[in-house]
Amino acid sequence: MKKFLFVCVAFAAVTLFSNSASAQVKIGYFDEQAALSLFPGIAKIDTLLNSYRLDSLQEEYKYNVSDFQRRDSIFKKDSATMPAKARELATRELLQLRYKLVNWQEYSQQMEQAKYEELVNPYREKLYAAVQEVVSEQKYTLVLKAETISPYARPNLLDNITIRVAQKLKLPLPKDIEDAWKAAAGSGSAPAKPAAKPAGKG
């Protein structure tokens, strides 16, 4: 039964592949991190993150430690004479603050990641718009993440959407990649369309 099921699945996969091939599926691949690294000034994100870590998170940690010590001291001194409701509230606040301090590393990592997303988002928006244009112009039906491609596969360089996006956004490419692209484009495949010149300029 299992053998029969395997044969059926294999047959279905072959059929699907054949149908996809006949439908002329065009597959490209894209590496977001590689594309982001090409933006001039992207390195300033590391500087801004470091500043955020020192000027914001570290200061917040110091304030929380000081606040916890102050609250804990007041609680130990006054808890015996506090009304039950006030004691319950003070206890809850102390526990919440203690939990935050004990788990500070996890909290700070989450805050750093959120800050990174905020800083990188403008670059990502430009990439997304350019990818959409390339996919439309080149009529790609499927775009894969570059990291999901097997190291044993040798995809066509001209289907590297990262390079096409860099060209569209006029981002500088390493010389070896430019040379490889020109060689691939000159081997019979159509090169990427050059960006149109602004109207009114020669």
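None of the values given here were measured: they were computed from a predicted structure.

The rules we used
- Residues numbered from 1 in each chain as written.
- Predicted model: local features only at pLDDT ≥ 70, side-chain atom pairs only at ≥ 80, totals over all residues.
- Heavy atoms only, no water.
- Salt bridge = Lys/Arg side-chain N within 4 Å of Asp/Glu carboxyl O.
- Helix = DSSP H or I, 4+ residues; strand = E, 2+ residues; numbered from the N terminus.
- Buried < 20%, exposed > 50% of the residue type's maximum accessible area, 1.4 Å probe, protein only.
- Axes fitted to C-alpha atoms, helices over the stretch in contact; angles between N-to-C directions.
- Parallel < 35°, antiparallel > 145°, perpendicular 65-115°, else oblique.
- Left-handed = near helix turned anticlockwise from the far one by under 90°.
- Contact = heavy atoms within 4.5 Å.
- Nonpolar A, V, L, I, M, F, W, Y, C, P; charged D, E, K, R; others polar.
- Patch = residues over 30% accessible without salt bridge, like charges linked within 9 Å, V, L, I, M, F, W, Y side chains within 5 Å.
- Areas by Shrake-Rupley, 256 points an atom, 1.4 Å probe, with all protein chains shown as cover.
- Phe/Tyr/Trp six-rings, centres within 6.5 Å; stacked < 30°, edge-to-face > 60°.
- Expected span 1.5 Å × (residues − 1).
- Bend = angle between axes of the 7 residues up to and from the residue.

**Focus: the pattern of salt bridges**
Moving on, step 1. With the rule as written, the count across this model stands at 14 salt bridges.
Moving on, step 2. Residues arginine 71 and aspartate 67 are paired through a salt bridge, measuring 3.0 Å at the closest nitrogen-oxygen approach. Within this pair, arginine 71 and its partner aspartate 67 are both found in helix α3 (residues 44–78), separated by four residues, close to a single helical turn.
Moving on, step 3. Residue classification places aspartate 67 among the buried residues on the basis of a relative accessible area of 9%.
Moving on, step 4. With a shortest N-O distance of 2.4 Å, arginine 124 and glutamate 117 are connected by a salt bridge.
Moving on, step 5. Here glutamate 117 falls in the partly exposed class, since its relative accessible area comes to 31%.

**Focus: the packing of α3 against helix α4 (residues 84–102)**
Moving on, step 1. Interaxial distance between α3 and α4 falls to 10 Å at its minimum, and their mutual angle equals 150°. Put simply, α3 runs roughly antiparallel to α4. Considering the relative orientation of α3 and α4, their crossing is left-handed. Between α3 and α4, the contacting residues are Glu60, Tyr61, Asn64, Val65, Asp67, Phe68, Arg71, Asp72 and Phe75 on the first element and Arg87, Ala90, Thr91, Glu93, Leu94, Leu97, Arg98, Lys100 and Leu101 on the second.
Moving on, step 2. For the contact of α3 with α4, the class distribution of residues is eight nonpolar, two polar and eight charged.

**Some thoughts on the packing of helix α5 (residues 104–138) against helix α6 (residues 161–168)**
Each pair of packed helices can be described by the angle between their axes along with the distance between the axes.
Moving on, step 1. Here α5 crosses α6 at 110°, and the two axes come no closer than 9 Å. It follows from the interaxial angle that α5 and α6 lie roughly perpendicular. Taken as a pair, α5 and α6 cross one another with a handedness that is right-handed. On α6, the residues touching Leu127, Ala130, Val131, Glu133, Val134, Val135, Glu137 and Gln138 of α5 are Ile161, Arg164, Val165 and Lys168.

**Digging into a nonpolar patch on the surface**
Moving on, step 1. Taken together, Val25, Ile27, Leu142 and Leu144 make up a surface patch of nonpolar side chains, about 290 Å² in accessible area.
Moving on, step 2. For valine 25, the location among the structural elements is in the loop between α1 (2–22) and β1 (27–30).

**Comments concerning the packing of aromatic side chains**
Moving on, step 1. Going through the model one piece at a time under the given rule, you end up with three aromatic pairs.
Moving on, step 2. Considering the side-chain rings of tryptophan 104 and tyrosine 107, the 4.9 Å spacing of their centres and the 45° angle between planes classify their relative orientation as tilted. Within this pair, tryptophan 104 and its partner tyrosine 107 are both found in helix α5, separated by three residues, close to a single helical turn.
Moving on, step 3. An aromatic cluster is present here, built from Tyr61, Trp104 and Tyr107 joined pairwise through their rings.

**A look at unusual backbone geometry**
Moving on, step 1. Notably, lysine 139 is not glycine yet its phi reads approximately 60°, a positive angle.
Moving on, step 2. Note on placement: lysine 139 falls in the loop between α5 and β2 (142–145).
Moving on, step 3. In this structure lysine 139 comes out as exposed when scored by relative accessible area, which is 62%.
Moving on, step 4. Here lysine 170, not a glycine, exhibits a phi torsion of approximately 60°, which is positive.

**Describing α5**
Moving on, step 1. Helix length check: α5 (35 residues) gives 48 Å between terminal C-alpha atoms against 51 Å at 1.5 Å per residue, within 8%.
Moving on, step 2. In the structure, α5 departs most strongly from a straight axis at asparagine 121, where the bend amounts to approximately 45° and where the proline proline 122 lies between one and four residues downstream.
Moving on, step 3. At its buried positions, α5 is contacted by β1, α2 (32–37), α3, α4, β2 and α6.
Moving on, step 4. Immediately downstream of α5, the backbone of lysine 139 shows phi near 60°, a positive value.

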